[in-house]
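What follows is the residue order along each chain.
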Amino acid sequence: MREARYDILFEPVQIGPVKTRNRFYQVPHCTGMGHRYPEADLAHKAVKAEGGWGVVSTQEVEIHPSSDLTPSNQGRLWDDSDIARCRAFTDRIHAHGALAAIELVHGGANAANRLSRMPPLAPSHALVTSDEPVQARAMDKDDIHAFRRWHRDAALRAKKAGFDIVYVYAGHDLTLLHHFLLARHNHRTDEYGGSFENRMRLFREVVADTRDAIGDSCALAVRLAVDELMGEAGFRHGAEGVDIVSALAEEPDLWDVNLSSWENDSQTARFAQEGYQEDFIRFVKTLTTKPVVGVGRYTSPDTMARIVRQGLVDLVGAARASIADPFLPNKIRDGRIDDIRECIGCNICASGDNTVTPMRCTQNPTVGEEARKGWHPEVLPSLDRPAQILIVGGGPAGLEAGRALVQRGASVILAEAGDEWGGRVARESRLPGLATWIRVRDWRMVQLKASAQAELYLGSRLTADDILSYGIAEVAIATGARWRTDGVGRWHRAPLPFLGAGVTVGVDRILDDGPGCLPAGPVVIFDDDRYYMASVVAELLAAGGFDVTYITPAPIVAAWTVNTLEQGRIQTRLMTMGVKILALSALKARDAETLTCACVYTGRETTIACASFVPVTSRIPVDGLWSELSARRAEWPDFGIARIERIGDCLAPGIIAAAAYSGHQFSRSLDQPAAGFDALR
Ligand code: ADP
Ligand code: SF4
């Protein structure tokens, strides 16, 4: 049973005509699935309803072909033919006792309309927000009337599809209604532009239209970004935020308030602590009697209870916490706090939408596979036979494989060479800003330590002879990967022999020994990996007093972190810390004291001082053990061994989410036929 201090989280909340069963509110969030993978999208959201969320929301749902976000995988409600798909959504959510909410969106100048080929719409003539040679045209009065009709029609369809809560959405600098509100986008001189009251006119009208359409059986939610963190150049919570909430205070049945842009709303743990939106949204409840929902990467039930108790919000909003653990509410309800799989705040989930692919999650490997592979986040089928499995390596792949296997009823022996569990997450969580990443290890260790079927051995570096002699029938090799030091990555595809002319320090050495392992003098970091690692190493070294130059063939630092919504903050932080950045540069030559790089376009060379060089390029599997065992395959039956598999980085170096996924997949593969694409192998 739950602890009394969490009772407050399980109080029902009246939202207009509908009532939630508790205060857990999964706010709208993208999944990278949407209308293109509707079954996947639906199955992902359905497990949240099953897991106890009081409200489960869609992602943004395009209301009309003039809001065509192709190729992005959003929801769609363009016409009546889309109602059936939405009805399937509400049926599944209702079947588990949750309310279903729909976020209607018109993307305005954010929608380039690649499929519909309609000229995009905006308050004033403007380029679309993507880097495309497409302009949105200024809407005339007929367009405004048409837009109001489309929104109204979509609200009617949403009601027909069975939604309990219908959103009017003005946020994230990505919607037509938001663009009308914002002076930098709205240069109109008619009654829809100019004064704040005029800029708010369309928003007010659409709220009224929506109310009229949905009548008194559905609730109306307004999603509003109350601050853009741009100072006077944008919305500020203490100015425009107050003005608009005051003006419309009692109009909606629910205020869903957050920050804009998405980069500000969904900040990673590297840049923001749990609850980082509190100071911005605090004012809202002082201006309205209607319930308020807010977000802030809340994973701690104590914090959740606090923000309700303090009157900051009525409903605890979550996107990421609900992705990492769809059963978070039920776990709190059942007093299983230690079982909560806490989000680490890495935004791999957000990268799904940004790369137009079904999202995945570092903590929850079942995300995106609920439908395709039938993976449930909590329920794993019991093994059809007794099984003992040896897992070599205690990083995310080995720990996830072991955890899932004991849940399936297997006996697991986990051997780790080092003196701590976690592999790369233990080492990386000591880097600046990545402390929460240790949750990948900690959640799995809690599960493993609670199981009588798991034998856990640290300080156990196994050899091929050890593994053969144990004679355990099934073995997973999860021995990870090491960073290369020969320069091979994206730009340089072959080793660079000239790197041997000076001191080169690998990432692993820095992870193990800290900055003290570098000689005094200028450090040059070469980032051809383009995710986070080079930037955190640069931060670590700059904070340690080193003179750091960051070289990358990409035009920006940590280029892939655009997809995790971090790139702007990373580059700003490095520049603020005094890290010198040489973009669009590849490696050319090296001697004991200098390094020469060359512009990737012109070949123009620049020589800089370099006492030590840190290449952050790509990784090589630690698969010597596997190679040896593989070479002795003929001996396996003599030792009673049926199967030895590589998993995680040992099979193919990748992100932490991929390692956990690989471990999870191994655990499912023991007695289950291959599913999804794996069946094609
Ligand atoms: P992954 O991301 O695939 O889980 P990691 O690099 O995080 O990989 O973890 C691999 C772990 O395997 C490391 O903690 C490492 O110490 C351990 N390891 C490597 N070789 C052996 C071995 N021969 N015996 C036991 N553990 C090993
Ligand atoms: Fe949290 Fe990372 Fe999972 Fe997203 S991918 S829900 S940020 S753990």
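Residues numbered from 1 in each chain as written. Chains lettered and ligands numbered in written order. Predicted model: local features only at pLDDT ≥ 70, side-chain atom pairs only at ≥ 80, totals over all residues. Heavy atoms only, no water.

Side note on the overall build of the protein chain
Okay, step 1: If you tally the helices and strands in the protein chain, you get 23 helices and 28 strands.
Okay, step 2: C-alpha extents for the protein chain along the principal axes are approximately 75 × 65 × 45 Å.
Okay, step 3: Within the protein chain, the proportion of its 681 residues that are buried is 60%.
Okay, step 4: If you take every contact in the protein chain between residues at least 6 apart in sequence, the share linking residues at least 24 apart comes to 71%.
Okay, step 5: Of the accessible surface of the protein chain, which amounts to about 24,800 Å², a share of 52% is contributed by carbon and sulfur atoms.
Okay, step 6: Considering the protein chain, the positive charge centre built from 75 side chains and the negative charge centre built from 86 side chains are found 1 Å apart. (Helix = DSSP H or I, 4+ residues; strand = E, 2+ residues; numbered from the N terminus. Buried < 20%, exposed > 50% of the residue type's maximum accessible area, 1.4 Å probe, protein only. Contact = heavy atoms within 4.5 Å. Areas by Shrake-Rupley, 256 points an atom, 1.4 Å probe, with all protein chains shown as cover. Lys, Arg positive; Asp, Glu negative; His and termini not counted. Charge placed at Lys NZ, Arg CZ, Asp CG, Glu CD.)

What to know about the sheet that holds strand E8 (residues 126-127)
Strand pairing in a sheet takes place through backbone hydrogen bonds and is either antiparallel or parallel in direction.
Okay, step 1: In spatial order, the strands read E7-E9-E8; together these three strands make up an open sheet with mixed pairing. Whereas interior strands pair on both sides, the edge strands pair on one side only; in this sheet they are strand E7 (121-122) and E8.
Okay, step 2: As paired elements, E8 and strand E9 (residues 135-138) share two bridges and run antiparallel to each other. Residue pairing in the sheet places Leu-127 in a bridge with Gln-135 of E9. (Pairing = 2+ DSSP bridges.)

As for the site of ligand 1
Okay, step 1: Residues in close proximity to ligand 1 total 22 residues, the closest being Ala-397, Glu-416, Ala-417, Arg-424 and Asp-649.
Okay, step 2: Take Arg-424: an N or O atom from its main chain is 2.7 Å from an oxygen atom of ligand 1.
Okay, step 3: Backbone polar atom of Leu-462 to a nitrogen atom of ligand 1: 3.0 Å apart, as the coordinates give it.
Okay, step 4: Contact with the protein chains removes 89% of the 580 Å² of surface that ligand 1 exposes when unbound.
Okay, step 5: For the shell around ligand 1, a count of residues per class yields 10 nonpolar, eight polar and four charged. (Near = heavy atom within 4 Å. Polar contact = N/O pair within 3.5 Å; in protein donor to acceptor, adjacent residues only side chain to side chain. Nonpolar A, V, L, I, M, F, W, Y, C, P; charged D, E, K, R; others polar.)

Description of the packing of helix H15 (residues 396-407) against helix H23 (residues 656-669)
Okay, step 1: At their nearest, the axes of H15 and H23 sit 7 Å apart, and the two run at 35° to each other. Once H15 is placed against H23, the crossing between them reads as right-handed. Residues Pro-396, Ala-397, Glu-400, Ala-401, Arg-403, Ala-404 and Leu-405 of H15 form the contact with H23, whose own contacting residues are Ile-656, Ala-659, Ala-660, Gly-663, His-664, Phe-666 and Ser-667.
Okay, step 2: Residue composition of the contact of H15 with H23, by class: nine nonpolar, three polar and two charged. (Axes fitted to C-alpha atoms, helices over the stretch in contact; angles between N-to-C directions. Left-handed = near helix turned anticlockwise from the far one by under 90°.)

Notes on the nonpolar core
Okay, step 1: Counting 76 residues, the largest nonpolar core has Leu-9, Phe-147, Phe-203, Leu-224, Ile-244 and Trp-255 as the members making the most contacts within it.
Okay, step 2: Counting residues per element, this core draws most heavily on helix H3 (residues 141-160), at seven residues.
Okay, step 3: Sequence-distant contacts of Phe-203, that is, excluding residues within four places in its chain, are made with Val-168, Ala-170, Leu-177, Leu-181, Val-222, Ile-244 and Leu-248.
Okay, step 4: Judged by nonpolar contacts, the second largest core, of 40 residues, contains Phe-271, Tyr-550, Val-614 and Val-616. (Core = buried A, V, L, I, M, F, W, Y, C linked by side-chain atoms within 4.5 Å.)

Structural notes on the packing of helix H20 (residues 533-543) against helix H21 (residues 567-576)
Okay, step 1: Viewed as axis vectors pointing N to C, H20 and H21 meet at an angle of 25°, and their least axial separation amounts to 10 Å. As the angle between them shows, H20 and H21 are arranged roughly parallel. Where H20 crosses over H21, the two elements pack in a sense that is left-handed. On the side of H20, the interface is formed by Ser-535, Ala-538 and Glu-539, while H21 contributes Ile-570, Arg-573 and Leu-574.
Okay, step 2: Of the residues assigned to the contact of H20 with H21, the class counts are three nonpolar, one polar and two charged. (Parallel < 35°, antiparallel > 145°, perpendicular 65-115°, else oblique.)

With respect to the pattern of salt bridges
Okay, step 1: For the structure on display, the rule yields 60 salt bridges.
Okay, step 2: The partner of Lys-331 in a salt bridge is Asp-325, with the nearest N and O atoms 2.8 Å apart. For the pair Lys-331 and Asp-325, a shared accessibility class is recorded, and that class is buried.
Okay, step 3: The salt bridge partner of Glu-369 is Arg-372, with a shortest N-O separation of 2.6 Å.
Okay, step 4: Judged by its relative accessible area of 4%, Glu-369 is buried.
Okay, step 5: What makes Arg-372 partly exposed here is its relative accessible area of 39%. (Salt bridge = Lys/Arg side-chain N within 4 Å of Asp/Glu carboxyl O.)

Section: the domain arrangement of the protein chain
Okay, step 1: By domain assignment, the protein chain separates into domain 1 (4-345), domain 2 (388-480 + 622-669) and domain 3 (485-619).
Okay, step 2: Distance between the C-alpha centres of domain 1 and domain 2: 41 Å.
Okay, step 3: Counting residues at the interface gives 10 residues for domain 1 and 10 residues for domain 2.
Okay, step 4: Broken down residue by residue, the surface that domain 1 buries against domain 2 is led by Arg-270, Arg-341 and Ile-344, which jointly contribute 54%.
Okay, step 5: For the pair domain 1 and domain 2, the number of links is one salt bridge.
Okay, step 6: In this structure, Glu-342 engages Arg-439 in a salt bridge whose closest nitrogen and oxygen atoms are separated by 3.7 Å.
Okay, step 7: The tally of links between domain 1 and domain 2 comes to four residue pairs in polar contact (both at pLDDT 80 or more).
Okay, step 8: Split by residue class, the side of domain 1 that touches domain 2 holds four nonpolar, one polar and five charged. (Domains from an automatic or database assignment. Buried area = accessible area lost by both parts, 1.4 Å probe.)

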